[in-house]
Amino acid sequence: MSAHRQGGGDRMRRRRMEIFAFVFLTFVLMPALAVGAVGSYGLGVWIYQSIAGPPTH
């Protein structure tokens, strides 16, 4: 019976870790990557325009 309890506790720990991983990926890592990607693109455009000049018609 103790083996059954241990398996249940292990299952709950795994579920908690999966929920933590989901929350971390959803609310921390993905927004940080999005901000980094947009910021990198903006920096690249800014550097390009400082070298090549602003766009003209």
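Up top is the structure these notes are about.
## Details of the overall build of the chain
- The number of helices and strands found in the chain is one helix and zero strands.
- Taking all 57 residues of the chain together, the buried fraction comes to 0%.
- For the chain, the exposed area adds up to about 5,600 Å²; of that, 69% sits on carbon and sulfur atoms.

## Points about the environment of Thr26
- Structurally, the position occupied by Thr26 is in helix H1 (residues 2–52).
- Within polar-contact distance, the side chain of Thr26 engages the backbone oxygen of Phe22 at 2.7 Å.

## So, the pattern of salt bridges
- Counted according to the given criterion, the structure contains one salt bridge.
- Here Arg14 and Glu18 are joined by a salt bridge, their closest N and O atoms 3.3 Å apart. Linking Arg14 with Glu18, this pair stays in helix H1, spanning four residues, or about one helical turn.
- For Arg14, a relative accessible area of 58% puts it in the exposed group.

Calculation rules
- For every chain, the first residue of its written sequence is number 1, and the numbers climb from 1 along that sequence.
- For this predicted model, a pLDDT threshold of at least 70 governs which residues receive local features, and a threshold of 80 or more governs which side-chain atom pairs are given and counted, while totals over whole chains, interfaces and linings are taken from all residues.
- Each side-chain value is worked out from all heavy atoms of the structure, with water and hydrogens disregarded.
- A run of H or I in DSSP counts as a helix once it spans at least four residues, and a run of E counts as a strand once it spans at least two, with each numbered from the N terminus.
- A 1.4 Å probe rolled over the protein chains alone gives each residue an accessible area, and that area as a share of the maximum for its type sets the label: buried under 20%, exposed over 50%, partly exposed in between.
- A 1.4 Å probe and the Shrake-Rupley method give the accessible areas. Residues count as covered only by the protein chains that appear here.
- Two N or O atoms form a polar contact when they lie within 3.5 Å of each other; inside protein one atom must be a possible hydrogen donor and the other a possible acceptor, and for residues adjacent in sequence the pair counts only when both atoms belong to side chains.
- Definition used for salt bridges: Asp or Glu carboxyl oxygen within 4 Å of a side-chain nitrogen of Lys or Arg.

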